[in-house]
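If you want the building blocks of each chain, they are given just below.
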Amino acid sequence: MPELPEVETTLRGIAPHTLNRRISSVVIRQPQLRWEIPPNFAELVNKKELLGITRRGKYLLFEFVHGHALIHLGMSGSLRIVDSITPPNPHDHFDWVFDTVVLRYHDPRRFGCLLWVEGEPHEHKLLAALGPEPLTEEFNADYLYKRSRNRSQAIKQFIMDSHVVVGVGNIYANESLFMSRIKPIRKAGALTRKNCEDLVRNIKFVLARSIEQGGTTLRDFVGGDGKPGYFKQQLLVYGRGGEACSECGKTLKEVRMMDRTTVYCVDCQK
Ligand SMILES: [Zn+2]
């Protein structure tokens, strides 16, 4: 599933090819994504200049003079740059053509979306209730500490809730909790202020590192297969259930939480 670093990598990959360029045509092959692509979408952006691209959580916002296109990659979506003679593959659902360059959306499972937003995009119902961006100042120890008081939810579930903070996917939750020596099943409300400091710092670290490493494969990504290399990074616990803990050597425990793989060290994480 595309996570925040992958969406950020996508943004950085497509921006140099599309920003401040005019859309010459739009091709929609399959309008039925998670929600239907607005039937007048092509009309709305045709001949319009793309003025900006920003990310909010895992949403990409494409700014035009009269509104924003909102794209989410869902479970299996990707955006890539191809040249205008590249024939579409199955599951390539739409193209934005910028003369010779095409921004192409691919999504086998079709859980992504392309919507049109008039007015202030951050007030759109999909964005309005989102928590702070993890890599901004707004997400800090003080915020996490206050927000988690009296919450009996497991801390892992808590930090993966996009109302609390956006973009902490399963891999990053596992990794940052291990680095912070916090057991994933611990109640959020039981975190100390020091725990919150550690956890905020480590969430920022794992996400920033992943974006950096996604960035190193940007050229491949833009040129071809649409697979950023963020899984290649060194992971301390995720995917390592049953292996030895890198800190103490004990066997890492793997459990399911909310149907997601959860790996932790019973000794190092309290
Ligand atoms: Zn350990």
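A. Structural detail: the pattern of salt bridges. Per the counting criterion, the structure on display carries 16 salt bridges. When the shortest N-O distance is used, the salt bridge between Lys-250 and Asp-267 registers 2.5 Å. Of this pair, Lys-250 sits in the loop between helix H7 (218–223) and strand S9 (253–257) while Asp-267 sits in the segment after strand S10 (260–264), placing them 17 residues apart in sequence. Residue classification places Lys-250 among the partly exposed residues on the basis of a relative accessible area of 43%.

B. Representation of the sheet that holds strand S7 (residues 101–106) within the structure. Reading across from one edge, S1-S6-S7-S5 is the order of the four strands in this open sheet, with antiparallel pairing throughout. Strands at the two margins of the open sheet, each flanked by one partner only, are strand S1 (25–28) and strand S5 (78–83). Across this sheet, the average inter-strand angle for adjacent strands is 20 degrees, counted without regard to direction. Sheet topology note: the S1/strand S6 (residues 92–98) ladder contains four bridges and is antiparallel.

C. Expanded view of the packing of aromatic side chains. Enumeration over the complete set of coordinates arrives at eight aromatic pairs. Judged by centre distance (4.9 Å) and plane angle (75 degrees), the rings of Phe-62 and Trp-96 are edge-to-face. Here Phe-62, found in strand S3 (residues 59–64), pairs with Trp-96, found in strand S6; they are 34 residues apart in sequence, far enough to count as distant. Centroid distance Phe-139 to Tyr-143: 6.3 Å. Interplanar angle 70 degrees. Geometry classified as edge-to-face.

D. Representation of the coordination of the zinc ion. Cys-245 (SG), Cys-248 (SG), Cys-265 (SG) and Cys-268 (SG) make up the full set of protein donors to the zinc ion, lying at 2.3 to 2.4 Å. Every donor counted, the four donor atoms about the zinc ion form angles of 102 to 114 degrees at the centre, which fits tetrahedral coordination. What makes Cys-245 buried here is its relative accessible area of 4%.

E. Local environment of the nonpolar core. Residues Phe-41, Phe-62, Phe-64, Ile-71, Leu-79 and Trp-96 are the most contacted members of the largest nonpolar core, which totals 29 residues. Elements with a contribution of two residues or more to this core: helix H1 (4–18), helix H2 (41–45), S3, strand S4 (67–72), S5, S6, S7 and strand S8 (113–117). Per-element accounting of this core gives the leading share, four residues, to H1. Once you skip the residues sitting within four places of it in the chain, Phe-62 turns out to touch Ile-14, Leu-50, Gly-52, Ile-53, Gly-67, His-68, Ala-69, Ile-71, Leu-79, Trp-96 and Leu-103. Listed in part, the 23 residues of the second largest apolar core include Phe-158, Leu-177, Ile-182 and Cys-196.

F. Representation of the side chain of Ser-148. Tracing the backbone shows Ser-148 in helix H3 (residues 141–148). Classification of Ser-148 as buried rests on a relative accessible area of 0%. Looking at Ser-148, its side chain comes within polar contact range of the side chain of Arg-149, at 3.1 Å. Excluding anything up to four places from it in sequence, Ser-148 contacts Phe-158, Ala-188, Gly-189 and Cys-196.

G. The arrangement of the sheet that holds S3 in detail. Strand order in the open sheet formed by four strands is S2-S3-S4-S8, with antiparallel pairing between adjacent strands. At either end of the open sheet lies a strand with only one pairing partner, and these are strand S2 (52–56) and S8. Sheet twist, expressed as the mean angle between neighbouring strand axes with direction ignored, is 25 degrees. In this fold H1 packs onto S2 and S3, with an angle of close to 180 degrees to the strand it touches most, S2.

H. Inspection of unusual backbone geometry at higher detail. One non-glycine residue, Asn-20, adopts positive backbone phi at about 60 degrees. Tracing the sequence through the fold places Asn-20 in the loop between H1 and S1.

I. Looking closely at H3. Among the residues of H3, Ala-141, Leu-144 and Ser-148 are the ones counted as buried. In a view along the axis of H3, the buried residues occupy a sector of 70 degrees, so they form one face of it. Capping the start of H3, Asn-140 holds a side-chain oxygen 3.2 Å from the backbone nitrogen of Asp-142, two or three residues further along. Within two residues after H3, Asn-150 carries a phi angle of roughly 65 degrees, on the positive side.

About the thresholds
- Residues take numbers from 1 onward in each chain, read along the sequence in its written order.
- Totals for whole chains, interfaces and linings use all residues, but because this is a predicted model, local features are given only for residues with pLDDT of at least 70 and pairs of side-chain atoms are given and counted only at 80 or more.
- Where side-chain values are given, they derive from all heavy atoms of the structure, hydrogens and water being excluded.
- Basic side-chain nitrogens of Lys or Arg form a salt bridge, by our definition, when they fall within 4 Å of a carboxyl oxygen of Asp or Glu.
- Only runs of H or I of at least four residues qualify as helices and only runs of E of at least two qualify as strands under DSSP, and these elements are numbered from the N terminus.
- Remark: exposure states derive from per-residue accessible area (1.4 Å probe, protein chains only) relative to the maximum for the residue type, with buried under 20%, exposed over 50%, and partly exposed in between.
- At least two DSSP bridges between two strands are needed for those strands to be called paired.
- Between N-to-C directions, angles cover 0 to 180 degrees, with each direction set by a line fitted to C-alpha atoms, over the stretch in contact for helices.
- Classification of ring pairs uses Phe, Tyr and Trp, with its six-membered ring standing for Trp, and accepts pairs whose centres are within 6.5 Å; under 30 degrees between planes counts as stacked, over 60 as edge-to-face, and the remaining range as tilted.
- Here a donor is an N, O or S atom found within 2.8 Å of the metal, or within 3.2 Å if the metal is Na, K or Ca; sites may look incomplete because water is not among the atoms.
- Key to geometry: four donors with every angle between 85 and 135 degrees are tetrahedral; four donors are square planar and six octahedral where opposite donors lie over 155 degrees apart and all remaining angles lie between 65 and 115; all other sites are irregular.
- Nonpolar cores are built from buried Ala, Val, Leu, Ile, Met, Phe, Trp, Tyr and Cys residues. Side-chain atoms within 4.5 Å join them into one set.
- Residue contacts are defined here by distance: any two heavy atoms, one from each residue, within 4.5 Å place the two residues in contact.
- Here a polar contact means two N or O atoms within 3.5 Å. Within protein one must be a hydrogen donor candidate and the other an acceptor candidate, and residues neighboring in sequence count only if both atoms are side-chain atoms.
- Working definition: the arc comes from the directions between the helix axis and the C-beta atoms, pointing outward to the latter.

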